[in-house]
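Inside the fold
Read off the chains here:
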Amino acid sequence: MEKKVERKPARPVYPTPAGLITSIDAEGKANVLTLGEVFNLSIADPVWVGISIRQATYSHGLIKAQGEFTVNLPTAAMLDQVLGCGGCSGRDGIDKFERFGLTPIPSKHVKPPMIAECPVNLECKVVGFHHVGDHDLFIGEVLAEYIDEDCLTEDGKPDTPKLDPLIMLRGGFWRIGEKVEKRS
Ligand SMILES: Cc1cc2nc3c(=O)[nH]c(=O)nc-3n(C[C@H](O)[C@H](O)[C@H](O)COP(=O)(O)O)c2cc1C
């Protein structure tokens, strides 16, 4: 075995997809926040996902107050919009949908809208909240999951290369590579 080099731990687990998270204020104005990663917590029954958000963000307060958010998984081609939404705050009155050319579409079960340009969208209700070190963890129960029809295979399964998820990893942003085995 090659010699192992100890490094300062930082975002040590990979790959996880980047996410665009929408939330809404009391007047119904929606906001978008970029996360470097979103993750599965409970996989099938129930389906719960986790998002870790810094207290200082505007979205943190909105999600805490309203108890709802949507997760939208961008494609690698959406990198500029992902960086844009993560580089400014809705607290400053910015409409990130307008500024970054994102299209809000109504959700069925929650108030925050979903993002049309993202091929996967999840409507989530907050079912848990925990302080986790330098972030706060919101646990969201997934009330509905949507996928773009043109990202499905002929037999109706998600076609991963077409989803083209954006992966934030050491050294930058990546897209997934080739399939190594046929089992789904
Ligand atoms: C690539 C990228 C990854 C990010 N990941 C996180 C993250 O994991 N957690 C977090 O709280 N903020 C993260 N941010 C920062 C927020 O997106 C940023 O603070 C944003 O301006 C907050 O928006 P808001 O104040 O409108 O909610 C990330 C930003 C970028 C560009």
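For clarity, every value in this text was computed on a predicted model and none was experimentally measured.

On to the overall build of the chain, then. Counting its regular elements, the chain contains four helices and 11 strands. Taken over C-alpha atoms, the radius of gyration comes to 17 Å for the chain, in line with the 16 Å a tight globule of 184 residues would show. Its C-alpha atoms give the chain principal-axis dimensions of roughly 60 × 45 × 35 Å. Scored against the burial criterion, the 184 residues of the chain give a buried share of 40%. In the chain, the proportion of contacts linking residues at least 24 apart, taken out of those at least 6 apart, comes to 58%. Looking at the chain as shown, the accessible area adds up to about 11200 Å², and 54% of this sits on carbon and sulfur atoms. Distance between charge centres in the chain, computed from 21 positive and 26 negative side chains, equals 7 Å.

Okay, the pairing of strand β3 (residues 39-42) next. Bridge analysis of β3 against strand β4 (residues 48-53) gives three bridges, and the strand direction is antiparallel. Following the sheet pairing, S42 is matched in β4 by W48. Counting the residues in the hairpin turn of β3 and β4 gives five residues.

In the region of the ligand, 21 residues are neighbours, and R54, S59, C88, S89 and G90 sit closest. Take R54: an N or O atom from its main chain is 2.7 Å from an oxygen atom of the ligand. At a separation of 2.9 Å, an oxygen atom of the ligand approaches a polar side-chain atom of K96. Out of a free accessible area of 640 Å², the ligand has 87% covered by protein chains. Those elements that place two or more of their residues in the shell around the ligand are β2 (30-35), β4 and α1 (58-66). With four residues, β2 is the largest single contributor of residues to the shell around the ligand.

This brings us to the sheet that holds β3. Taken in spatial order, the seven strands make up an open sheet running β2-β1-β5-β8-β9-β4-β3, and their pairing is antiparallel. Here the strands that pair on one side only, and so sit at the sheet edges, are β2 and β3. Strand-to-strand twist in this sheet, taken as the mean axis angle between neighbours without regard to direction, amounts to 35°. Here strand β1 (residues 19-24) pairs with β2 via six bridges, running antiparallel. Bridging from a neighbouring strand, G19 pairs with L35 of β2. In this fold α1 packs onto β1, β2, β4, β5 (68-73), β8 (120-132) and β9 (135-147), with an angle of close to 55° to the strand it touches most, β1.

Moving on to the environment of D95. Its place among the elements puts D95 in the loop between α2 (79-85) and α3 (96-99). We classify D95 as partly exposed; its relative accessible area is 29%. Considered as a pair, D95 and N121 are 26 residues apart in the sequence and their alpha carbons are 20 Å apart. Looking at D95, its side chain comes within polar contact range of the main-chain nitrogen of E98, at 3.1 Å.

Conventions used here
- Residues numbered from 1 in each chain as written.
- Predicted model: local features only at pLDDT ≥ 70, side-chain atom pairs only at ≥ 80, totals over all residues.
- Heavy atoms only, no water.
- Helix = DSSP H or I, 4+ residues; strand = E, 2+ residues; numbered from the N terminus.
- Rg over C-alpha atoms; globule rule 2.2 N^0.38 Å.
- Buried < 20%, exposed > 50% of the residue type's maximum accessible area, 1.4 Å probe, protein only.
- Contact = heavy atoms within 4.5 Å.
- Areas by Shrake-Rupley, 256 points an atom, 1.4 Å probe, with all protein chains shown as cover.
- Lys, Arg positive; Asp, Glu negative; His and termini not counted.
- Charge placed at Lys NZ, Arg CZ, Asp CG, Glu CD.
- Pairing = 2+ DSSP bridges.
- Near = heavy atom within 4 Å.
- Polar contact = N/O pair within 3.5 Å; in protein donor to acceptor, adjacent residues only side chain to side chain.
- Axes fitted to C-alpha atoms, helices over the stretch in contact; angles between N-to-C directions.

Any functional reading would require information that these geometric values do not contain.
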